[in-house]
Amino acid sequence: MKWEGNRESDNVEDRRDGGGGGGGFGLGGRSIGIGTIVVALVGGWIFGINPMTILSLLSGGSPPAQVQQGPAPKPPADDRMAKFVSTVLADTEDVWTDVFTKGGATYQKPRLVLFRGATQTACGQGQAAMGPFYCPGDQKVYIDLGFYETLRSRLGAPGDFAQAYVIAHEVGHHVQNLLGISGKMDQMRGRVSKAEYNVLSVKLELQADCFAGVWAHNAQSARQILEQGDVEEAMNAAAKIGDDALQRSSGGAVVPESFTHGTSAQRQRWFDTGLKTGSVKACDTFSARSL
């Protein structure tokens, strides 16, 4: 991926030296057991939109209040991985600003938070074990860069474009939030069965994959960022984090009714749809006859 020398975003907070607090999750004044955490992580560990929401609901609490924090320092200038993340975020800003402008709207840029281990968010306390996630409460993407080692060594998805796909997927959740799609999903919670909500969750995640493809399409058209093998890296990453692939790799049975993010084939298909069309309308997973 051609990224070096490109613009870096100013919307990156580096909390890696500030600590994030220890202990378990505490939402709404409640102490949450480790078993509940496991349930939430199974449902939303990798590329989840908001694992803390799951925890809050399981504990019977209300959504956590927003967390007020002072300005966080910028990443060091010589931190290559932070520079990469800042550059990819900037590229998503450029693409989505243009897409929204052409649609007669204004794109509100998200912030991306680098943390290590754990950190406070408007959705509760986030932990590295959750993988990257987006919190709609503060419109921030959170990532512990150690996840990239997990992506590379444990999940078998190396490559810088695979890493960029991770960020673009989370920014896709931010786009969904701005478009009101996430809000409609929240309204459905409690109105439908668990199985029905899982189906909606899959559609939400596949749409974020498609939006990641929309970013890649437009970034390539504007700046020619792709190198040989990049698309294959992203497609491989999409395959490795499909619900069926994750369930197989954990040694368990594949249970389609429990899927919340989509199969490997579905994640590849929708990323590819966005990549080939560059169209937000083409990413309407909720109206699609087939996923």
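See the structure printed just above.
Reading guide: rules and limits
- Residues numbered from 1 in each chain as written.
- Predicted model: local features only at pLDDT ≥ 70, side-chain atom pairs only at ≥ 80, totals over all residues.
- Heavy atoms only, no water.
- Disulfide = S-S within 2.5 Å.
- Helix = DSSP H or I, 4+ residues; strand = E, 2+ residues; numbered from the N terminus.
- Buried < 20%, exposed > 50% of the residue type's maximum accessible area, 1.4 Å probe, protein only.
- Salt bridge = Lys/Arg side-chain N within 4 Å of Asp/Glu carboxyl O.
- Core = buried A, V, L, I, M, F, W, Y, C linked by side-chain atoms within 4.5 Å.
- Contact = heavy atoms within 4.5 Å.
- Phe/Tyr/Trp six-rings, centres within 6.5 Å; stacked < 30°, edge-to-face > 60°.
- Pairing = 2+ DSSP bridges.
- Axes fitted to C-alpha atoms, helices over the stretch in contact; angles between N-to-C directions.

(A) Structural detail: the state of the cysteines. Tallied over the entire structure, the rule returns two disulfides. The partner cysteine of Cys123 in its disulfide is Cys135, sulfur to sulfur 2.0 Å. What sets the handedness of the Cys123 and Cys135 disulfide is the S-S torsion sign, and at about 95 degrees it is right-handed. Pair noted here: Cys123 is in the loop between β5 (118-121) and β6 (124-127) and Cys135 is in strand β7 (residues 133-135), with a separation of 12 residues, a long-range link. In this structure, Cys123 and Cys135 share a single accessibility class: buried. Here Cys210 pairs with Cys283 through a disulfide, and the sulfurs are 2.0 Å apart. One disulfide, between Cys210 and Cys283, carries an S-S torsion of -75 degrees and so falls in the left-handed class. With a gap of 73 residues between them, Cys210 in helix α7 (residues 194-223) and Cys283 in the segment after α10 (264-277) connect regions that are remote in the sequence. For Cys283, a relative accessible area of 0% corresponds to the buried category. Described in terms of the sequence order of its bonded cysteines, the disulfide pattern of the protein is 1-2, 3-4.

(B) Geometry of the pattern of salt bridges. This model, assessed by the stated rule, comprises 16 salt bridges. Between Glu13 and Arg15 there is a salt bridge, with its nearest N and O atoms 3.3 Å apart. Pair check on accessibility: Glu13 and Arg15 agree, each one buried. Of the charged contacts, one joins Arg223 and Asp91 as a salt bridge, the two residues approaching to 2.9 Å between their closest N and O atoms. Linking Arg223 in helix α7 with Asp91 in helix α3 (residues 80-102), this pair joins segments that are 132 residues apart in sequence. Each of the salt bridges in this network shares a partner with another, and the network as a whole consists of Glu13, Arg15, Arg111 and Lys140.

(C) How the structure looks around the nonpolar core. Core analysis: the biggest nonpolar cluster contains 55 residues, and Met1, Trp96, Leu112, Tyr148, Phe161, Trp215 and Phe271 have the highest contact counts within it. Only α3, β4 (111-114), β8 (140-143), α4 (147-154), α5 (160-178), α7, α8 (230-240) and α10 provide two or more residues apiece to this core. With near-sequence residues (within four places) excluded, Tyr148 lies in contact with Met81, Val85, Ile143, Gln163, Val166 and Ile167. One finds Val113, Phe115, Met130 and Cys135 within the second-largest nonpolar core, a separate group that totals eight residues.

(D) Spotlight on the packing of aromatic side chains. What the rule picks out here adds up to eight aromatic pairs. Taking 5.1 Å as the distance between ring centres and 15 degrees as the angle between the ring planes, the aromatic pair formed by Phe133 and Tyr142 counts as stacked. The two residues Phe133 and Tyr142 agree in class, both being buried. Seen from their ring centres, Phe147 and Tyr148 are 6.4 Å apart, and the 50 degrees between their planes marks the pair as tilted. Joined through ring pairs, the aromatic side chains of Trp96, Phe100, Tyr107 and Phe211 make up one cluster.

(E) Spotlight on the sheet that holds β8. The strand order across the open sheet built from four strands is β1-β4-β8-β7, with neighbouring strands paired in mixed fashion. One side of each edge strand has no neighbouring strand; the edge strands of this open sheet are β1 (12-14) and β7. In this sheet, adjacent strand axes meet at a mean angle of 25 degrees when their direction is disregarded. Pairing analysis gives three bridges linking β7 to β8, with the strands arranged antiparallel. Within the sheet, the bridge partner assigned to Cys135 lies in β8 and is Lys140. Lying on the sheet, α3 is in contact with β1 and β4; it crosses β4 at an angle near 165 degrees.

(F) Region of interest: unusual backbone geometry. Backbone geometry places Gln139, a non-glycine residue, at a positive phi of 55 degrees. Of note in this structure, Gln224 is not a glycine but carries a positive phi near 50 degrees. Mapped onto the secondary structure, Gln224 falls in the loop between α7 and α8.

(G) Broad picture of the side chain of Asn198. Here Asn198 lies in helix α7. For Asn198, a relative accessible area of 10% corresponds to the buried category. Residue contacts for Asn198: discarding those within four places in its chain leaves Glu257, Ser258, Phe259 and Thr260.

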